[in-house]
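Survey of secondary and tertiary structure
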Number of protein chains: 2
Amino acid sequence: MSTLLIHSLKGLAIGHARRINGKSMADLPMLESGAFILIENGRIKKTGPASECPERADRVIDGTGRYLLPAWVDSHTHLVFAGSREREFVDRIRGLSYQEIAARGGGILNSAARLRGMAEDALYQDALERLEEVTASGTGAIEIKSGYGLSTEAELKILRVIRRLKEDSQIPIRATFLGAHSVPTEYKENREAYIRLIEEEMLPRIQAEGLADYMDVFCEKVAFSVEETERLIEAGYKAGLKPKIHVNQFYAMGGIPMACRRKAVSVDHLEVINEADIEALQQSETIATLLPTAPFFLNDPYPEARRMLDADIPVALATDFNPGSTPGGRMSFVLSLACIKMRMLPAEAINAATINGAAALEWDAELGSLHTGKWANMILTKKIPSIDYIPYRFGRDQIERVFVKGEM
Amino acid sequence: MSTLLIHSLKGLAIGHARRINGKSMADLPMLESGAFILIENGRIKKTGPASECPERADRVIDGTGRYLLPAWVDSHTHLVFAGSREREFVDRIRGLSYQEIAARGGGILNSAARLRGMAEDALYQDALERLEEVTASGTGAIEIKSGYGLSTEAELKILRVIRRLKEDSQIPIRATFLGAHSVPTEYKENREAYIRLIEEEMLPRIQAEGLADYMDVFCEKVAFSVEETERLIEAGYKAGLKPKIHVNQFYAMGGIPMACRRKAVSVDHLEVINEADIEALQQSETIATLLPTAPFFLNDPYPEARRMLDADIPVALATDFNPGSTPGGRMSFVLSLACIKMRMLPAEAINAATINGAAALEWDAELGSLHTGKWANMILTKKIPSIDYIPYRFGRDQIERVFVKGEM
């Protein structure tokens, strides 16, 4: 048995026990003025005011002037990729659009071509380095998607890399199969054959090897139609995978109502949204996961977070870390964008990046807040004047230490 | 005598010897494929290709896979301030404008009230910490303004803190007097008296103590008119201070043509610009210093950098580090915004943040590029695929080591 005590905290952001809806997200339950937390064997044993603080523990940390928060849960990333795409970045500065670059064989297909030629071990090493980088920035649980393979072997290669990361990494990881990220070049004239490859070859092998937790589809004009997406969701369910769907990044095509009807755990992106989408989200359990670094980098409109919050929809925030549209994996910058560009309040952004991020991975019973019994995945801040300071100070993480299951 | 050799560099961005105009800024002179640099007593002694690399030095660093760049020159900051303003940040999220917050006694006047109550030593300690933070992020020379005092004693207090920083800091610092940052509350009904205070009391004392290198005025509807600004520029010249002017942040009022006519070293901000401003800049030696983190944070339009570059105007980039409109001092993020939001090419942004930043402090003979004889203030990057990767990877500094006068 190993215990850790952090005492005399300026603030202990306990947060909500489970997922919360938009209208409640401005509330962030907090113990102030000297609160403590006691960790036992990696889980939270007890929290309380200074007056109830235990006298001893195996390890003791003085939290004076500091806040303790649940670690970020980054519920949407493409962390396993091959190489960077700064050439396309410069092409965009010179005037090409993301869609034009994609049409020229750049974009996702560029990443796929590079990844197919990269050895599994090199891919693993690169991804592990990125994972350590984001963990140091306060990410305490993460989702990672495949989708830069687009062939059975390459998709399985990515999912095996994610499995190795799950085994070796400090932080909990969920794997999502995104074979339907784009139609690969060799199937451009035969979309049906690629969809059948996913249904008949990829999904059975993924199921047999137990390689994924979720099924994702890029539902978009440049990728898969609403009908194709629904068919693939159905195939995912048959393979034991619940859906989490890329949708409404560039166009509102009806994907959100369909995904809500098919009980998607989350719909992700939502830069463009209409009233039917809002109503569908209100009538479902589906979480709206917003990825503001993508429109930041692509100069697209930001998701209308306030409209969703005011409609009482549960909102999560994630990085979308990937080499094309978001070469950045820092959750604290996502929080800053949420506040500066989407007018979320700091408390709303923190809830979205913790408990609702956990809920978007069906992990809110284990992670995402500092309630007794949950894993002690936590951020101890530097000395800061208030919790609002975190998104305000946009260029820097305000982190002194990150704990994963109670360990630094 | 102490020598330092960095060899086998993937790229050595020598840069331009002196300031350069906009149309030439896409060119960044670079030695590739194994270049070396030799430093002697803090200054650059020699650079060249692998074939000419010296055999020994007191200290030797292997630069394989890495780039060496001139350190950033941040030519516009308000680094000495008291406290943070995250409450106003939250007020803005709730719907108040920057101008409305200023009208309520927030903004600059809020910072001034806090600063007046803060001891010089505490002010110094806070500023030193920030200075070390930005140096670690690659800033190798910096300008710091007063302007949060707005009384003779408080302005002198800031300038004395800057003088102490100059003495103690590793990096070269220029001090700018910005008593004309805002009209303080006690002079709201008597602007003339405050201007005369600057002319007759502040400037003579600053001159007598040798506390400033430049004179700045916030030429803006909420601050000082074009006529008042010109009068203050004249007073600055009489006290031996050349002008560097805050102008065109919110409105184009004719401040740029006046400042160019009065031979301002730089005009800073320029979120709003018209054809007369462009022509005045073309016909002057004045540098256009852009501060994109301010409109990023305030949700204002970004400066039209391409228009200025295409008009062959010399452009510099700086952070505007301050607690109200830019609580961030990372130059690499400024470069990312320059590329993503203002469509500057990475090479243009690097030139703007190095040699033209140095020129905006009249330091381009000493700093801002890696030519023989200059101070060895340099950034050694991590292993990165190209120089374009620096602004592309927006969330992270790509820095392995920072050198100031050849020392780490």
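Residues numbered from 1 in each chain as written. Chains lettered and ligands numbered in written order. Predicted model: local features only at pLDDT ≥ 70, side-chain atom pairs only at ≥ 80, totals over all residues. Heavy atoms only, no water.

Things to note about the sheet that holds strand β9 (residues 214-219) of chain B
Residue and element names in this part refer to chain B. The eight strands are arranged β6-β7-β8-β9-β10-β11-β12-β13 in an open sheet whose pairing can be described as parallel. This sheet does not close on itself; its edge strands, each paired only once, are β6 (72-74) and β13 (315-317). Direction aside, neighbouring strands of the sheet carry axes that sit 25 degrees apart on average. Strand contacts of helix α5 (residues 152-168): β7 (139-145) and β8 (173-180), with the helix running at about 175 degrees to β8, the strand carrying the most contacts. (Pairing = 2+ DSSP bridges. Helix = DSSP H or I, 4+ residues; strand = E, 2+ residues; numbered from the N terminus. Axes fitted to C-alpha atoms, helices over the stretch in contact; angles between N-to-C directions. Contact = heavy atoms within 4.5 Å.)

Quick look at unusual backbone geometry
Of note, A:D312 is a non-glycine position whose phi angle comes to about 65 degrees, a positive value. Phi at B:S33 takes a positive value of approximately 55 degrees, unusual for a residue other than glycine. With respect to the element layout, B:S33 can be found in strand β2 (residues 30-40).

Some points on the domain arrangement of chain A
Residues and elements named next belong to chain A. Domains assigned within chain A are domain 1 (3-70 + 370-403) and domain 2 (73-359). Its C-alpha centre places domain 1 at a distance of 30 Å from the equivalent point of domain 2. Of the residues lining the interface, 27 residues belong to domain 1; the matching set on domain 2 comes to 32 residues. Between domain 1 and domain 2, the buried area comes to about 2400 Å², and carbon and sulfur atoms account for 60% of it. (Domains from an automatic or database assignment. Buried area = accessible area lost by both parts, 1.4 Å probe.)

Some thoughts on the packing of helix α4 (residues 120-136) of chain B against α5(B)
Residue and element names in this part refer to chain B. α5 packs onto α4 with a crossing angle of 50 degrees between their chain directions and a minimal axis gap of 10 Å. The pairing of α4 with α5 is recorded here as oblique in orientation. In the packing of α4 onto α5, the handedness of the crossing is right-handed. Across from E120, D121, L123, Y124, A127, L128 and L131 in α4, the residues of α5 making contact are K157, R160, V161, R164, L165 and D168. Residues belonging to the contact of α4 with α5 are distributed by class as follows: seven nonpolar, no polar and six charged. (Parallel < 35°, antiparallel > 145°, perpendicular 65-115°, else oblique. Left-handed = near helix turned anticlockwise from the far one by under 90°. Nonpolar A, V, L, I, M, F, W, Y, C, P; charged D, E, K, R; others polar.)

A few points about the relation of the copies chain B and chain A
Between the two copies of the chain lies a rotation about an axis combined with a shift along it. Least-squares fitting of chain B to chain A yields an RMSD of 0.0 Å, with the transformation described by 0.0 Å of translation along the axis and a rotation of 180 degrees. Put plainly, the chains are arranged around a two-fold axis. Taking C-alpha positions as reference, the residue of chain B nearest the rotation axis is B:G395, located at 4.0 Å. With an isologous cut-off of 70% or more, the 98% of interface residues of chain B that recur at the interface of chain A puts this contact in the isologous class. (Least-squares fit on C-alpha atoms with pLDDT ≥ 70 in both.)

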